[in-house]
Amino acid sequence: MEERGTPDGDPARSLEQGPEGPETPIQVVLRVRPMSAAELRRGEQSALHCSGTRTLQVSPPGGGPDVAFRFGAVLDGARTQEDVFQACRVRRLGELALRGFSCTVFTFGQTGSGKTYTLTGPPPQGEGMPVSPSLAGIMQRTFAWLLERVQHLGAPVTLRASYLEIYNEQVHDLLSPGSPRPLPVRWNKSRGFYVEQLRVVEFGSLEALMELLQMGLSRRRSSAHTLNQASSRSHALLTLYISRPASQKVPPVDPGEPPVGGKLCFVDLAGSEKVAATGSRGELMVEANNINRSLLALGHCISLLLDPQRKQSHIPFRDSKLTKLLADSLGGRGVTLMVACVSPSAQCLPETLSTLRYASRAQRVTTRPQGPKPSGMKQPQNVEAEILQLREENRCLRLQLDQMGSKASSCFLPASGFQGARMAWAQRNLYAMLQEFMLENERLRKEVSQLHSSRDLARGEQRVLAQQVHELQRRLVSVCTLHQPAPAPAPPCPCLVMPAAPCHALPPLCSCPCCHLCPVCRAPLARWACPQQECHVPQVLDPETPRGMPLSSRPPPWAPPCSPGSAKIPGERNHSDWTQTGVLAEMLTGEEAVPSAPPLPSGSPNAPPILRGAARIPNLAQRLEALRHQIGSSLRRGQSQPPPSEGRRSPGRGFPPC
Ligand code: ADP
Ligand code: MG
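Residues numbered from 1 in each chain as written. Chains lettered and ligands numbered in written order. Predicted model: local features only at pLDDT ≥ 70, side-chain atom pairs only at ≥ 80, totals over all residues. Heavy atoms only, no water.

Glancing now at the overall build of the chain. Broken down by element type, the chain carries 18 helices and 19 strands. Burial status across the chain gives 42% buried among its 658 residues. Taking all contacts inside the chain whose residues are at least 6 apart in sequence as the whole, residues at least 24 apart take part in 71%. With the model as given, the accessible surface of the chain reaches about 35400 Å², and the carbon-plus-sulfur share is 56%. (Helix = DSSP H or I, 4+ residues; strand = E, 2+ residues; numbered from the N terminus. Buried < 20%, exposed > 50% of the residue type's maximum accessible area, 1.4 Å probe, protein only. Contact = heavy atoms within 4.5 Å. Areas by Shrake-Rupley, 256 points an atom, 1.4 Å probe, with all protein chains shown as cover.)

Below, the structure is given as structure tokens:
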């Protein structure tokens, strides 16, 4: 039985031909590590046999048929580090990176299967004991090749490096001094996912780059457990940025964009592990769970990427930091090589089979490698084509959403496979939108109710202010009455000669009986003999009264009864203050104040209500102030004039201050 990894021919050949095809599969190289001394001591048997350079046979320990897996290259335990470097064709990736492509090499496999060994060689055996150059991993070999290649290129190339680890779902910079602090992973259109504030170090020599690598390796988390004495507890990503100066003629499209150039990224994944097998406890177990979770997310993305119509299905790259940072390498514009590492031991067979299946799937995933964008503006026809393509995609998506919606509403039969996944995804999105709308609705409702309550508050304050204005007006009238100069002699009031018949008239303002009004016809009983006639308020007691008085000069119902004579001829008003206050009072009672903002927190509890009202309704406050001013000036006028007669009340007497 043979499990074929590549759907269409030789994956190695497609890379040889160059990546500029529409679809380029992920290249997979399988490395089987030799049996370890411990495994041999325990008498464990090998379950794997390489047949040829590209096929691996797996013999189940209990007998049964062999299972074969085919990859771009298969390397058994006897192969050296140099063999692996050659078989992986990493130089080819380096060339592509120099041409501006984004390339990734990542190792994958069970813990203790030789991932770190393959990438960076064995760990130093002790202080000051350098690792033999023959054991150097893919990374050191690539660095040496690249620096030499750049030297011979003859064109200026800028080389920079960053090194980070994802530990317990947190990104740490391995090149920043000080204790590690989590860095955010962001996304933007031009860069895709990237790590913010990551230190990127420029280097010019192989030694400098090796130092950076050593610094990162020494800071990376590793621990000992049953299966590996130096088990990596984090995923580590070392990226080389290779940039060549862009054309001087055209400025960059966006100043925030990274320089035009290629990338070569080495990813050493932490290994999947069975907690029971590794004997992890406490912190080790937490780490193992996080590692497994992110690898699961990676596996899920790879499975979904295999969907031939994947453009229409959602790939959950955002599920983990690892998948975010590998998004471009897996499903984007990068060129990717996976080195799958397995242990030959029959004891590890379940994990080995899982790795082999995973790797088989991965090599069916294709990317659409994209070289460097031409610097400067895009060609208009390209932009147009892109817009048309996006529109078409948009239309298709809408159509699908509609279909899904109608299907979901017409029948509740569960969809299967990817269609089901897509439907679930669309429903999740719709649900999220619905939730957003509901929240917005709730917020608006609260705002409206706040506005209503502040309007009610303002109305209440307006009423209080109106009452205060009325009270002030009443006082003003009284003050005016007291301080008017003696009137000119008037003909004797008829009611003095012949007293009016007793009626239920409104109480008089002064002691003069002529100030009485008839309760039946509301007409003044007399206008002649009142000594304070001049200062009396004009009054129309009924709008239908044929007096011809304008409404604006009509006193409000609370106005005190007054001299009827002045009501008859509005022009005869002898105190302009009255007209102003009368109009003002009318406006106050008729006006509705609508606040434009929610209520402010109330002021000090000692502050009189009028002040709070004034703060909220400036017009009322001004008017109130005007009234106070009038009263004050009236009082001052009264003080400066001698009392017209003996026994008249003094100006302020009996009136509390406003
Ligand atoms: P992983 O990173 O997959 O957890 P390591 O790379 O740390 O595993 O390897 C585990 C152990 O196996 C280390 O001691 C390493 O030196 C050893 N080892 C792995 N691969 C090989 C190999 N091809 N040849 C010799 N020793 C190896
Ligand atoms: Mg490791």
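That covers the picture; the talk isn't over yet.
Quick look at the pairing of strand S3 (residues 27–32) now. Of all 6 residues making up S3, 6 are buried, and the element is well covered by its neighbours. Where burial is concerned, the two faces of S3 agree: the one with Gln27, Val29 and Arg31 and the one with Val28, Leu30 and Val32 are both buried. Both S3 and strand S18 (residues 335–342) contribute to a ladder of 6 bridges, which runs parallel. Within S18, the residue paired with glutamine 27 across the bridge is leucine 337. Bridge count between S3 and strand S7 (residues 73–75): 3 bridges; the pairing is parallel. Residue pairing for S7: arginine 31 is matched across the bridge by leucine 75. (Pairing = 2+ DSSP bridges.)

Inspection of every chain in the model, using the stated rule, returns 14 salt bridges. The partner of arginine 368 in a salt bridge is glutamate 23, and the shortest N-O contact between them spans 3.1 Å. One end of the pair, arginine 368, is in the loop between strand S19 (366–367) and helix H12 (380–410); the other, glutamate 23, is in the loop between helix H1 (11–16) and strand S2 (24–25), with 345 residues separating them in the sequence. For arginine 368, a relative accessible area of 38% translates into the label partly exposed. Residue classification places glutamate 23 among the partly exposed residues on the basis of a relative accessible area of 36%. The shortest N-O distance in the salt bridge between aspartate 456 and arginine 455 comes to 3.9 Å. Look at aspartate 456 and you get partly exposed, because its relative accessible area is 43%. One network of salt bridges, in which partners are shared, links Glu471, Arg474 and Arg475. (Salt bridge = Lys/Arg side-chain N within 4 Å of Asp/Glu carboxyl O.)

So, on to the side chain of threonine 120. Relative to the helices and strands, threonine 120 is located in helix H5 (residues 115–120). Since its relative accessible area comes to 9%, threonine 120 is described here as buried. Apart from the residues lying within four places of it in its own chain, the contact partners of threonine 120 are Gly137, Met139, Gln140, Leu213 and Leu217.

The next point concerns the packing of aromatic side chains. The description of an aromatic ring pair rests on the distance of the ring centres and on the angle between the ring planes. One pass over the structure, following the stated rule, counts 3 aromatic pairs. On the numbers, 6.4 Å between centres and 5 degrees between planes, the contact of phenylalanine 69 with phenylalanine 71 is stacked. Phenylalanine 71 shares its class with phenylalanine 69; the two are buried. Seen in terms of ring centroids, phenylalanine 108 and tyrosine 358 are 4.1 Å apart; in terms of plane orientation they differ by 20 degrees. Their pairing is stacked. (Phe/Tyr/Trp six-rings, centres within 6.5 Å; stacked < 30°, edge-to-face > 60°.)

Quick look at the packing of helix H4 (residues 90–98) against helix H6 (residues 138–153) now. Where H4 meets H6, the axes come as close as 10 Å, and the angle between the chain directions of the two elements is 45 degrees. The angle between H4 and H6 falls in the class oblique. Seen along the crossing, H4 lies across H6 with a hand that is right-handed. Contacts from Val90, Arg91, Gly94, Glu95 and Leu98 in H4 reach Ile138, Thr142, Trp145, Leu146, Arg149, Val150 and Leu153 in H6. Residue classes in the contact of H4 with H6 are distributed as 7 nonpolar, 2 polar and 3 charged. (Axes fitted to C-alpha atoms, helices over the stretch in contact; angles between N-to-C directions. Parallel < 35°, antiparallel > 145°, perpendicular 65-115°, else oblique. Left-handed = near helix turned anticlockwise from the far one by under 90°. Nonpolar A, V, L, I, M, F, W, Y, C, P; charged D, E, K, R; others polar.)

Once that is clear, we can look at a nonpolar patch on the surface. Taken together, the side chains of Tyr117, Val131 and Leu135 make up a nonpolar region of the molecular surface, amounting to roughly 210 Å² of accessible area. When you line up the elements, leucine 135 lands in the loop between H5 and H6. Overall, leucine 135 belongs to the partly exposed group, its relative accessible area being 31%. (Patch = residues over 30% accessible without salt bridge, like charges linked within 9 Å, V, L, I, M, F, W, Y side chains within 5 Å.)

Moving on to the pairing of strand S11 (residues 185–188). For S11 and strand S12 (residues 192–195), the ladder comprises 4 bridges, and the chain directions are antiparallel. Residue pairing across strands places arginine 186 opposite tyrosine 194, the latter belonging to S12. The hairpin turn running from S11 into S12, its antiparallel successor, is 3 residues long.

Moving on, we come to the environment of glutamine 347. Mapping glutamine 347 onto the fold places it in the loop between S18 and helix H11 (349–362). Taking C-alpha positions, glutamine 347 is 7.9 Å from glutamine 45, a pair spaced 302 residues apart along the chain.

Residues apart from glycine generally show negative phi values, whereas peptide bonds are mostly found in trans. Of note, asparagine 168 is a non-glycine position whose phi angle comes to about 50 degrees, a positive value. One can find asparagine 168 in the loop between strand S9 (158–167) and strand S10 (170–173). Relative accessible area serves as the criterion here: at 25%, asparagine 168 is assigned to the partly exposed category. Phi at glutamate 169 takes a positive value of approximately 60 degrees, unusual for a residue other than glycine. Residue position: glutamate 169 is located in the loop between S9 and S10.

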